[in-house]
Amino acid sequence: MQDLAPQILMLLFLVAILAGFIDSIAGGGGLITIPALLLAGIPPLESLATNKVQGPFGAASATIAYARRGHVNLREQVPMALIAFVGGGVGALIASHVPGRFLGAAIPFLLVGIALFFALKPNLSDEDRTRRLTTGLFAAFAVPAVALYDGIFGPGAGSFYMLSFVLLAGFGLLKATAHTKLLNLGSNLGSLCVFAVNGAIFWKLGLMMGVGQLIGAQIGSRLAMRGGAKIIKPLLVISCIAMATKLLSDPAHPIRIWLGI
């Protein structure tokens, strides 16, 4: 961190605010912060690990904001958050043996599918619908599956949590967003513990960006609570399309290598 110019540190702080804002509503903040860290000259492994430091700040900030307004009951959701914590940690351990780029081949297309679902699905609102899975089954299958993905790869995890809550738990968009942040916090902390053991973190930089995440998440969550589905739905669609585009633009993406472009 001491090698970074003051203006670079300020830009990273502002990037963290923007990422926290977007993450608190629709997810995808990591695809803003990680490229910014790489452009600042932080090596790839350290960028991924440092991103796991600042990410939980935004998730925690948004979770508290939603909980204060009664959109998520923290006591009831703690068991799911703990499951997400374990899943994120296991995923991070797997990532050290199975490169994330292999999993990344299919993710852009899944993100496009999520975007189309939320864009075209009629009558999506903040009203709850019929639950397709019991709370126990949702916690046993949906939560660890997304948390595992979050630890292994990461981008789009918030969108997958959102889709799970809407399709399987029958939540309205605002309630799904609020609960997504808590599970994001759990899986991020699980991954962070693994990276901390590996010693690949720039702690001071991560904590500084964490403050930016706190600010952005407070602004974003309050906007989401004011606008509800009218704000969440379009931003979620845009976020998914942007994440898919960003992943496919990587020259090292398996699809581009296979097509020779």
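Every chain begins its residue count from 1, and numbering advances along the sequence as written. At least 70 in pLDDT is required for a residue's local features to be given in this predicted model, at least 80 for side-chain atom pairs to be given and counted, and no such filter applies to totals for whole chains, interfaces and linings, which use all residues. Think of the side-chain values as coming from all heavy atoms in the structure, minus any hydrogens and water.

S.K.: Before we go on, may I ask you to explain the side chain of Thr-50 in this structure?
M.R.: Note on conventions: DSSP H or I runs of at least 4 residues are helices, E runs of at least 2 residues are strands, and numbering of each starts at the N terminus. Residue placement: Thr-50 occurs in helix H3 (residues 44–68). Setting aside its immediate chain neighbours within four residues, Thr-50 contacts Ala-200, Ile-201, Phe-202, Leu-205 and Gly-206. For this analysis, residues touch if any pair of their heavy atoms sits within 4.5 Å.

S.K.: What's the story with the packing of helix H8 (residues 157–167) against helix H9 (residues 173–198) in this structure? I'm lost.
M.R.: Between two packed helices, both the angle of their axes relative to each other and the distance between the axes serve to describe the pair. Convention adopted: a line fitted to C-alpha atoms gives each axis, helices being fitted over their contacting stretch, and angles between N-to-C directions are expressed from 0 to 180 degrees. Close contact between H8 and H9 brings their axes to 9 Å; oriented N to C, the two are set at 130°. Between H8 and H9, the interaxial angle falls into the category oblique. With respect to the hand of their crossing, H8 and H9 are arranged in right-handed fashion. For the pair formed by H8 and H9, the contact residues are Ala-157, Gly-158, Tyr-161, Met-162, Phe-165 and Val-166 on the first element and Leu-173, Ala-176, Thr-177, His-179, Thr-180, Leu-183, Asn-184 and Ser-187 on the second. In this classification, the charged set is Asp, Glu, Lys and Arg, the nonpolar set is Ala, Val, Leu, Ile, Met, Phe, Trp, Tyr, Cys and Pro, and all remaining amino acids, among them Gly, are polar. Here the residues of the contact of H8 with H9 sort into 8 nonpolar, 6 polar and no charged. If an angle is under 35 degrees, it is roughly parallel; if it is over 145, roughly antiparallel; if it lies from 65 to 115, roughly perpendicular; otherwise it is oblique. Handedness of a crossing follows from how the near helix is turned relative to the far one, being left-handed for an anticlockwise turn of less than a right angle and right-handed for a clockwise one.

S.K.: Which parts of the structure should I look at to understand the nonpolar core?
M.R.: Soluble globular proteins: nonpolar side chains tend toward being buried together. Definition of nonpolar core: a set of buried residues of the types Ala, Val, Leu, Ile, Met, Phe, Trp, Tyr and Cys, connected through side-chain atoms within 4.5 Å. Between buried and exposed lies partly exposed: a residue is buried under 20% and exposed over 50% of the maximum accessible area for its type, with that area taken using a 1.4 Å probe on protein chains only. Core analysis: the largest hydrophobic core is formed by 52 residues, its most contacted members being Tyr-66, Leu-111 and Phe-118. Elements represented by at least two residues in this core include exactly H3, helix H4 (74–95), helix H6 (107–120), helix H7 (135–152), H8, H9, helix H10 (203–227) and helix H11 (229–248). In terms of residue count, H11 provides more of this core than any other element does, 9 residues in total. Filtering out sequence-adjacent residues up to four positions away, Leu-111 remains in contact with Gly-156, Ser-159, Phe-160, Cys-240, Met-243, Ala-244 and Leu-247. Among the nonpolar cores identified, the runner-up in size contains 9 residues, and Leu-12, Ala-16, Ile-42 and Met-209 belong to it.

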